[in-house]
Amino acid sequence: MSFPQTPSKPHLGGHCGITHTDSGSLDFIKELLTSKGITNPSFLDIGCSVGWQLDLARQKGFTVNGIEGDESIQTNPNTKCLDTIIFHDLTKNYLIKRHCPAHLVWCCEVAEHIEEQYVMNLIRTIVYNLHSSGYIVFTFCDKEGTGIHHVNIKPEKYWLQLFEKYEIIKDKKLTDELRAKSTMVREFIRETGIVLKFKE
């Protein structure tokens, strides 16, 4: 099988022009937020590709924003929610949307594409855009030889240590529930999806 890439910027081409959506995970996190009295939740998808998860989140009542490095998706006829996407390459710097902290920061199938010298740009973008009452859903890849431009293959412990520098911790109970409720066709959330939040 061949996959389309952005030849001049291979670190941006791993999305292959699709987004893996997950209705079950969105419903689960929205229920958690509703239980906290948050009735107008916001959603930020970092590495949103062509915006299909943004579109699904918007249908479920989230106010949505996306961050994507590959500007070629602007001409992809399958792109959704283009008006909500900021184009930013995380190898350049981190990005803060100061006016819109997100109740759910979604970062699925992104971390393994970012070389280690730039990884703190990703972590800071996630943390600095998270609402104090919000959650992060984050995946990683710990298996060599899988995927396109997987250049940062690390175990869960590696990522948790980076988040802990910002008082962000894994919630094991919610992580187990998330994995059980994921409806994504691919295995990403079920295998490595974790729920993180600010330490209480």
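Residues numbered from 1 in each chain as written. Predicted model: local features only at pLDDT ≥ 70, side-chain atom pairs only at ≥ 80, totals over all residues. Heavy atoms only, no water.

1. Quick notes on the packing of helix H3 (residues 119-128) against helix H4 (residues 156-164)
Turning to step 1, where the next piece is worked out: Their axes nearest at 10 Å, the elements H3 and H4 cross at an angle of 55°. With respect to their mutual orientation, H3 and H4 come out oblique. Crossing hand, H3 versus H4: right-handed. Only Tyr 158, Trp 159, Leu 162 and Phe 163 of H4 make contact with H3, whose side of the interface consists of Val 119, Met 120, Ile 123, Ile 126 and Val 127.
Turning to step 2, where the next piece is worked out: Along the lines of polarity and charge, the residues of the contact of H3 with H4 split into nine nonpolar, no polar and no charged. (Axes fitted to C-alpha atoms, helices over the stretch in contact; angles between N-to-C directions. Helix = DSSP H or I, 4+ residues; strand = E, 2+ residues; numbered from the N terminus. Parallel < 35°, antiparallel > 145°, perpendicular 65-115°, else oblique. Left-handed = near helix turned anticlockwise from the far one by under 90°. Contact = heavy atoms within 4.5 Å. Nonpolar A, V, L, I, M, F, W, Y, C, P; charged D, E, K, R; others polar.)

2. So, the side chain of Asp 55
Turning to step 1, where the next piece is worked out: By secondary structure assignment, the location of Asp 55 is in helix H2 (residues 52-59).
Turning to step 2, where the next piece is worked out: There is no salt bridge for the buried Asp 55, and the closest opposite charge comes from Lys 80, which lies 4.5 Å off by N-O distance.
Turning to step 3, where the next piece is worked out: A distance of 2.9 Å separates polar atoms of two side chains, one belonging to Asp 55 and the other to Gln 59.
Turning to step 4, where the next piece is worked out: For Asp 55, the contacting residues outside a window of four places in its chain are Lys 80 and Cys 81. (Buried < 20%, exposed > 50% of the residue type's maximum accessible area, 1.4 Å probe, protein only. Lys, Arg positive; Asp, Glu negative; His and termini not counted. Salt bridge = Lys/Arg side-chain N within 4 Å of Asp/Glu carboxyl O. Polar contact = N/O pair within 3.5 Å; in protein donor to acceptor, adjacent residues only side chain to side chain.)

3. Thoughts on H2
Turning to step 1, where the next piece is worked out: The complete set of buried residues in H2 reads Gln 53, Leu 54, Asp 55, Leu 56 and Ala 57.
Turning to step 2, where the next piece is worked out: Taken together, the buried residues of H2 touch helix H1 (23-35), strand S1 (42-46), strand S2 (63-68), strand S3 (85-87) and strand S4 (102-107).

4. Notes on the pattern of salt bridges
Turning to step 1, where the next piece is worked out: Enumeration according to the criterion identifies 11 salt bridges in this entry.
Turning to step 2, where the next piece is worked out: The salt bridge involving Lys 60 is made with Asp 27; its shortest N-O contact spans 2.8 Å. On the criterion of sequence distance, the pair formed by Lys 60 in the loop between H2 and S2 and Asp 27 in helix H1 is long-range, its members being 33 residues apart.
Turning to step 3, where the next piece is worked out: Assessed through its relative accessible area of 32%, Asp 27 is described here as partly exposed.
Turning to step 4, where the next piece is worked out: The network of salt bridges with shared partners includes Glu 156, Lys 170 and Arg 179.

5. Regarding the packing of H1 against helix H5 (residues 172-181)
Turning to step 1, where the next piece is worked out: Where H1 contacts H5, the axes come no closer than 8 Å and their chain directions differ by 140°. Put simply, H1 runs oblique to H5. Between H1 and H5 lies a crossing of right-handed hand. Contact residues: Gly 24, Ser 25, Phe 28 and Leu 32 in H1; Leu 174, Glu 177, Leu 178 and Lys 181 in H5.

6. Let's talk about the confidence of the model for the protein chain
Turning to step 1, where the next piece is worked out: Overall, the predicted model of the protein chain reaches an average pLDDT of 89, with 88% of residues at or above 70.
Turning to step 2, where the next piece is worked out: The model gives residues 1-8 a pLDDT under 50, and that stretch makes 11 contacts with residues more than four places away or in other chains. (pLDDT = per-residue confidence, 0-100.)

7. Here we look at empty space enclosed by the protein
Turning to step 1, where the next piece is worked out: Across all of its chains, the model carries one cavity of 30 Å³ or more by this definition.
Turning to step 2, where the next piece is worked out: There is about 40 Å³ of room inside the largest cavity.
Turning to step 3, where the next piece is worked out: For the largest cavity, the full set of lining residues is Ser 42, Phe 43, Leu 44, Thr 63, Asn 65, Lys 97, Cys 100, Ala 102 and Asn 129.
Turning to step 4, where the next piece is worked out: Among the elements that make up the lining of the largest cavity, the one with the highest residue count is S1 (three residues).
Turning to step 5, where the next piece is worked out: The class makeup of the residues in the lining of the largest cavity is four nonpolar, four polar and one charged. (1 Å grid on protein atoms, 1.4 Å probe; cavity = no way out; pocket = protein on both sides within 12 Å on 5 of 7 lines; lining within 4 Å. Points joined across faces, edges and corners; volume = space filled by probe spheres on them.)

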